[in-house]
Amino acid sequence: MIREHNCVQFESLSKSYFDGDKEIKIVEDISVSFPNGKTTLILGRSGCGKSTLLNLISGVDVPSKGRVLVNNSSLSDLSENERTLFRRKHVGIIFQFFYLIPSLTVLENILFPLELNNISGNKSRKLAHEFLQKVDLNDKADVFPDTLSGGEQQRAAIARAIVHDPQIIIADEPTGNLDSKTRDQIINILLNLVSDKNKTLILATHSEDLIDLSDNAYLIENLKLKKIK
Ligand SMILES: Nc1ncnc2c1ncn2[C@@H]1O[C@H](COP(=O)(O)OP(=O)(O)O)[C@@H](O)[C@H]1O
Ligand SMILES: [Mg+2]
């Protein structure tokens, strides 16, 4: 279990994409720590690179320069296969459009990350039901995702993201597709998780509404991460 104070760190990190020969810079030489047990926001207008930074933290993508450290060890030194295993075990990801698997029931969606971590049988069903209860969806276990409201789908997606007890929770515009009342409910679930279970929550959003609720907040601006809280 990862328990260090600074759970995730960017160390002299730069990231660019190439469009043919043309370099599209996202960030340049940034060094930032995302503390354990805290909620950190990444803010910025659409297209500025929020999802890119989250993909670097989850190991989906790799830096152009510098390193991503998790628990003081470098994610950037791992192979793609090792990064996939790291992500399965230690990271839970929540997206704006939920991305539940439509052909699986809510319960089966939540069992899926457990299967990937080789947890099955009664143990996994017990865990899945426990987390369905946490997000108040016990009565929806056997229905398919398309019969749920947006808020319910996001609650199911949160249960799926956390059922395997990852240390790092990444949320990419998790409330971008929800009304304000549902948004508050979803944010409360996430914040309670961070405080109850000492998780590291890194949340990307283009809206400033969540700054007050977060511990730390950064704005992507001029290729840097500017600390605004
Ligand atoms: N795989 C990729 N290849 C090339 N360009 C990309 C890739 N992913 C993102 N980009 C570009 O990088 C910029 C930042 O994208 P993104 O991180 O998705 O921003 P945000 O999440 O803040 O909206 C955009 O200009 C986007 O087009
Ligand atoms: Mg994005």
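Keep in mind the model is a prediction, meaning the values are calculated, not measured.

Asks: Could you give an account of the pairing of strand E4 (residues 65-70), with specific residues and numbers?
Replies: Sheet topology places E4 next to strand E5 (residues 73-74); two bridges connect them, and they run antiparallel. If you follow Leu69 over to E5, its bridge partner there is Ser74. The antiparallel pairing of E4 with E5 creates a hairpin that spans two residues between the two strands, and Asn71 there sits at a positive phi of about 55°.

Asks: If you had to explain a nonpolar patch on the surface to someone new, which residues and values would you point to?
Replies: Taken together, the side chains of Phe95, Phe97 and Tyr99 present a nonpolar region at the surface, about 320 Å² in accessible area. Structurally, Phe95 is set in strand E6 (residues 91-95). By relative accessible area, Phe95 is classed as partly exposed at 31%.

Asks: I'd like a description of the packing of helix H3 (residues 106-116) against helix H5 (residues 150-162), backed by residues and values.
Replies: The contact between H3 and H5 brings their axes to 7 Å, and the two run at 25°. Relative to H5, H3 is oriented roughly parallel. When the axes of H3 and H5 are compared, the crossing they make is right-handed. Of the residues in H5, those in contact with Val106, Asn109, Ile110 and Pro113 of H3 are Ala156, Ala159 and Arg160. The residue makeup of the contact of H3 with H5, split by class, is five nonpolar, one polar and one charged.

Rules used in this analysis
- Residues numbered from 1 in each chain as written.
- Chains lettered and ligands numbered in written order.
- Predicted model: local features only at pLDDT ≥ 70, side-chain atom pairs only at ≥ 80, totals over all residues.
- Heavy atoms only, no water.
- Pairing = 2+ DSSP bridges.
- Helix = DSSP H or I, 4+ residues; strand = E, 2+ residues; numbered from the N terminus.
- Patch = residues over 30% accessible without salt bridge, like charges linked within 9 Å, V, L, I, M, F, W, Y side chains within 5 Å.
- Areas by Shrake-Rupley, 256 points an atom, 1.4 Å probe, with all protein chains shown as cover.
- Salt bridge = Lys/Arg side-chain N within 4 Å of Asp/Glu carboxyl O.
- Buried < 20%, exposed > 50% of the residue type's maximum accessible area, 1.4 Å probe, protein only.
- Axes fitted to C-alpha atoms, helices over the stretch in contact; angles between N-to-C directions.
- Parallel < 35°, antiparallel > 145°, perpendicular 65-115°, else oblique.
- Left-handed = near helix turned anticlockwise from the far one by under 90°.
- Contact = heavy atoms within 4.5 Å.
- Nonpolar A, V, L, I, M, F, W, Y, C, P; charged D, E, K, R; others polar.

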